Amino acid sequence: MVIKLAKTQGRKEIGWGDRANAFDGCSRDCLYCYAKYFRCYRFRQIPAEQWSQMKLKPGITAKKWPKPNPRWGRYMFPTAHDITNNPWVRDPCFAVIQSILNRGYDLLIVTKPELEVIQLFCEIFRDYRDMIELRFTITSADEKLLKFWEPNAPSFRERFFALKHAYLCKFKTSVSIEPFLDNNPIPLIKRVAKFCDTIWIGPMNYIEEFVKENVKEAGQSWPVGFEERYSFENLYSIYQVIKKYPQIRFKDAFLNEIEAKVGVKCNQRKTDNKIPRILMTQIQSTLDDFA
Ligand code: SF4
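Residues numbered from 1 in each chain as written. Predicted model: local features only at pLDDT ≥ 70, side-chain atom pairs only at ≥ 80, totals over all residues.

## Considerations on the nonpolar core
Judged by nonpolar contacts, the single largest core of 64 residues is most densely connected at Phe-77, Val-192 and Ile-199. With sequence-adjacent residues up to four places away left out, Val-192 is seen in contact with Ile-138, Leu-163, Val-175 and Ile-199. (Core = buried A, V, L, I, M, F, W, Y, C linked by C-beta atoms within 7 Å. Buried ≥ 20, exposed ≤ 12 C-beta atoms within 10 Å, placed from the backbone. Contact = placed C-beta atoms within 7 Å.)

Below, the structure written as structure tokens:
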């Protein structure tokens, strides 16, 4: 089968950045957590049963951050835990953020946002808006799905309000729909599109190597037919609808699955992260056709 793939957005984000973390472990304990897979199973750095107990990295709040790789130019924080509203988690996280900003480095902050954390963040860091992008992970609007996969993370409603709040406070915002948890993530894209500049979308990874076993360990049954949403057919039909919009960013695993089947490289065009917000209203109205 030969399918001509349309020109689409690049898969590598400029400014993905060097990673910074303040804690080992993450109390959200999402069932698909890649960080848990790598740290507990691949590298055996943390016993799996201790993953949900967050431990502050010694000396992290006083760390003098080195210049990030000039190729990326910014730090990504956090990448292997979240910023929860517990003061003993939130305050050291804010201290690390402040120390990176004080060194003059830009930041990409990735979180499943709690509203109070974001309200406080926007207040404290409003003078650094030009140096910060807030990326909110919102994997579904279905509260039942969220409760199953991300048992200790905020509801959709709370994340959505946090996104709106940050947007209205004029922070640069983006949304990560990775892994997308609905068969059809387009209605979710439509809901968040108005309040962010870019939307990253990707399937669930490491299902066979890790996720199935982790679900079992958590005492849950594997949802029947769940993997089908990451089949070539489903990915390709989603891709066909959303590929033309420059605001959409496909994660590697998304494009790899399509390329593996069709044998054609998806076009790689580097993105500049500076797409005006006005374009997001276009995507929203056009996506209405596919409701
Ligand atoms: S919030 Fe992120 S780091 Fe924490 S458990 Fe969930 S996926 Fe892992």
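Having seen the structure, we can now continue with the description.
## Notes on the site of the ligand
Lining the immediate environment of the ligand, one finds Cys-26, Arg-28, Asp-29, Cys-30, Cys-33, Ala-35, Lys-36, Ala-80, His-81, Asp-82 and Lys-112. Of the residues contributing to the shell around the ligand, the split by class is five nonpolar, one polar and five charged. (Near = placed C-beta within 6 Å. Nonpolar A, V, L, I, M, F, W, Y, C, P; charged D, E, K, R; others polar.)

## Section: the environment of Asp-29
Considering the arrangement of structural elements, one finds Asp-29 in the loop between β2 (23-24) and α1 (34-42). Accessibility expressed as a C-beta count within 10 Å gives 17 for Asp-29, which makes it partly exposed. A sequence separation of 53 residues divides Asp-29 from Asp-82, and the C-alpha atoms of the two residues are 9.9 Å apart. When near neighbours in sequence (up to four residues on either side) are disregarded, Asp-29 contacts Trp-51, Ser-52, Pro-151 and Asn-152. (Helix = DSSP H or I, 4+ residues; strand = E, 2+ residues; numbered from the N terminus.)

## Overview of helix α8 (residues 232-242)
Those residues of α8 not exposed but buried are Leu-235, Ile-238, Tyr-239 and Ile-242. For α8, the angular spread of buried residues about the axis comes to 100°, placing them on one side. (Arc of directions from axis to C-beta.)

## A look at the environment of Glu-158
Position of Glu-158 among the secondary structure elements: in helix α5 (residues 156-168). We classify Glu-158 as partly exposed; it has 16 C-beta atoms within 10 Å. Among all residues touching Glu-158, those that are not within four sequence positions of it are Glu-114 and Leu-115.

## Points about the pairing of strand β4 (residues 74-77)
Both faces of β4 are covered, namely the face carrying Arg-74 and Met-76 and the face carrying Tyr-75 and Phe-77. Sheet topology note: the strand β1 (residues 18-19)/β4 ladder contains two bridges and is parallel. Counterpart to Asp-18 in the pairing with β4 is Tyr-75. Where β4 lies against strand β5 (residues 106-111), four bridges are found, and the strand directions are parallel. Its bridge partner lying in β5, Tyr-75 is registered against Leu-107. Viewed along the sheet, the connection from β4 through helix α2 (residues 87-102) into β5 turns out right-handed. (Pairing = 2+ DSSP bridges. Right-handed = clockwise from strand over helix to strand, strands pointing away.)

## Details of the pairing of strand β8 (residues 198-201)
Where a strand is regular, its side chains alternate between the two sheet faces. On β8, burial covers both faces: Thr-198 and Trp-200 on one face and Ile-199 and Ile-201 on the other are all buried. The pairing of strand β7 (residues 172-177) with β8 spans four bridges and is parallel. Bridge pairing links Ile-177 to Ile-201 in β8. The β-α-β motif built from β7, the intervening helix α6 (residues 186-193) and the parallel element β8 has right-handed crossover chirality.

## Describing unusual backbone geometry
The linkage connecting Phe-77 with the following residue, Pro-78, adopts the cis geometry, with an omega of -20°. In this fold, Pro-78 is placed in the loop between β4 and α2. Phi at Arg-44 is positive, roughly 50°, even though this residue is not glycine. Secondary-structure assignment places Arg-44 in the loop between α1 and β3 (55-56). Backbone geometry places Tyr-206, a non-glycine residue, at a positive phi of 55°.

## Side note on the environment of Leu-107
As for its placement among the helices and strands, Leu-107 is situated in strand β5. Leu-107 sits 10 residues away from Ile-97 along the chain, and the two C-alpha atoms are 7.9 Å apart. The residues contacting Leu-107, other than those within four sequence positions of it, are Arg-74, Tyr-75, Phe-77, Ile-97, Ile-100, Leu-101, Met-131 and Ile-132.

## What to know about the sheet that holds β8
Pairing in this open sheet of seven strands is parallel, and the strands run β1-β4-β5-β6-β7-β8-β9 from one edge to the other. Two strands in the sheet have a free side with no partner beyond their single neighbour: β1 and β9 (248-250). With three bridges joining them, β8 and β9 adopt parallel strand pairing. The residue bridging Trp-200 from the neighbouring strand is Arg-249, located in β9. This element, α2, spans β4 and β5 of the sheet and lies at about 175° to β4. (Axes fitted to C-alpha atoms, helices over the stretch in contact; angles between N-to-C directions.)

Don't take any of this as a statement about function, it's just geometry.
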